[in-house]
Amino acid sequence: MENRYLEGIKKQFYYYKTLGERTFDQLEDHYLFTELSPSSHSIALIVQHLSGNMKSRFTDFLTTDGEKEWRNRDQEFVPLFRNRDSMEQAWTEGWSLVFQAIDQIKDIKSLVYIRNQEHTVYEALNRQLAHYAYHIGQIVYIGKSIKGDDWVSLSIAKGASKHFNESKFTKGKHKGHFTDKI
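This section reports on the structure supplied with the text. Note that this is a predicted model, so its numbers are computed, not measured. (Residues numbered from 1 in each chain as written. Predicted model: local features only at pLDDT ≥ 70, side-chain atom pairs only at ≥ 80, totals over all residues. Heavy atoms only, no water.)

1. With respect to the packing of helix α1 (residues 2–26) against helix α3 (residues 84–104)
Then, in step 1: With their axes 11 Å apart at the nearest point, α1 and α3 run at an angle of 175° to one another. In this view, α1 runs roughly antiparallel relative to α3, as classed from their interaxial angle. Packed against α1, whose contacting residues are Leu6, Lys10, Phe13, Tyr14, Lys17, Gly20, Glu21, Phe24 and Asp25, the element α3 presents Arg84, Met87, Glu88, Trp91, Trp95, Val98, Phe99, Ile102 and Asp103 at the interface.
Then, in step 2: Here the contact of α1 with α3 is composed, by residue class, of 10 nonpolar, 1 polar and 7 charged. (Axes fitted to C-alpha atoms, helices over the stretch in contact; angles between N-to-C directions. Helix = DSSP H or I, 4+ residues; strand = E, 2+ residues; numbered from the N terminus. Parallel < 35°, antiparallel > 145°, perpendicular 65-115°, else oblique. Contact = heavy atoms within 4.5 Å. Nonpolar A, V, L, I, M, F, W, Y, C, P; charged D, E, K, R; others polar.)

2. Looking at the nonpolar core
Generally speaking, a soluble globular protein has its nonpolar side chains buried in company with each other.
Then, in step 1: With 41 residues, the main nonpolar core has Phe13 and Leu125 as its most contacted residues.
Then, in step 2: For this core, the elements supplying multiple residues, two or more each, are α1, α2 (43–58), α3, β1 (111–114) and α4 (121–147).
Then, in step 3: A per-element tally of this core places α4 first, with 9 residues. (Core = buried A, V, L, I, M, F, W, Y, C linked by side-chain atoms within 4.5 Å. Buried < 20%, exposed > 50% of the residue type's maximum accessible area, 1.4 Å probe, protein only.)

3. Quick look at α3
Then, in step 1: For α3, spanning 21 residues, the distance from its first C-alpha to its last is 31 Å, which sits close to the expected 30 Å at 1.5 Å a residue.
Then, in step 2: If you check which residues of α3 are buried, you get Arg84, Met87, Ala90, Trp91, Gly94, Trp95, Val98, Phe99, Ala101 and Ile102. In an axial view of α3, the angular spread of the buried residues amounts to 160°, which keeps them on one side of the axis. Opposite the packed face of α3, turned more than 90 degrees from it, sit the exposed residues Asp85 and Gln104.
Then, in step 3: Buried positions along α3 lie against α1, α2 and α4.
Then, in step 4: Capping the start of α3 is the job of one residue whose side-chain oxygen sits 3.2 Å from the backbone nitrogen of Asp85: Asn83. (Expected span 1.5 Å × (residues − 1). Arc of directions from axis to C-beta. Polar contact = N/O pair within 3.5 Å; in protein donor to acceptor, adjacent residues only side chain to side chain.)

4. Things to note about the packing of aromatic side chains
Then, in step 1: The tally for this structure, following the rule as stated, stands at 10 aromatic pairs.
Then, in step 2: Ring geometry for Tyr5 versus Tyr122: centroids 4.8 Å apart, planes at 50°, classification tilted. Taken together, the positions of Tyr5 in helix α1 and Tyr122 in helix α4 put the pair 117 residues apart, joining distant regions of the chain.
Then, in step 3: With relative accessibility at 38%, the residue Tyr122 sits in the partly exposed group.
Then, in step 4: Ring geometry for Trp95 versus Tyr132: centroids 5.8 Å apart, planes at 75°, classification edge-to-face. One end of the pair, Trp95, is in helix α3; the other, Tyr132, is in helix α4, with 37 residues separating them in the sequence. The pair formed by Trp95 and Tyr132 is uniform in burial state, with each residue classed as buried.
Then, in step 5: One aromatic cluster in this structure is built from Phe13, Phe24, Phe58, Phe61, Trp91, Trp95, Phe99 and Tyr132. (Phe/Tyr/Trp six-rings, centres within 6.5 Å; stacked < 30°, edge-to-face > 60°.)

5. Some points on the pattern of salt bridges
Then, in step 1: On inspection of all chains with the given rule, the structure shows 10 salt bridges.
Then, in step 2: Ionic pairing is found between Lys109 and Glu2, a salt bridge with its closest N-O pair at 3.8 Å. Residue Lys109 is found in the loop between α3 and β1, and its partner Glu2 is found in helix α1; the two are separated by 107 residues along the sequence.
Then, in step 3: For Lys109, a relative accessible area of 60% translates into the label exposed.
Then, in step 4: For Glu2, a relative accessible area of 21% translates into the label partly exposed. (Salt bridge = Lys/Arg side-chain N within 4 Å of Asp/Glu carboxyl O.)

Below, the structure is given as structure tokens:
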């Protein structure tokens, strides 16, 4: 059960990582720094926050509090990236820590702390998956808003549900994960 959970959640983290990257790939560099309104964040700023969160939560994941003393969360919302390369480097570094930490887990019921609040490893991973999915949804929405009619769907294209479902049901019942084909 634990191995299946860890394999599944790792695939889900990878799925959201891929959604972000496929969004980046559709955008010219300057759009990564575009704010849709004065009160919104750019994709680059969201990546900056995600990277800071990942580094804090997953550095020494099993042995230290997930909110590191060296993290300056407020600074994550001050634009620091100057180009795509620096943004993508931070993105990659953050995700590397996520996947390395998951690979080290032996017991999903063991305890970790985030801001001194106790979580099982299972709860902490679910918390982070939900947090990252929330922000990557924002990234995808910004990308889709910028591209408009030129946006290439990252999931089932509008009007293609029937064909998609038919192809899935022709395979019959089987093991697998919804992210296996990404």
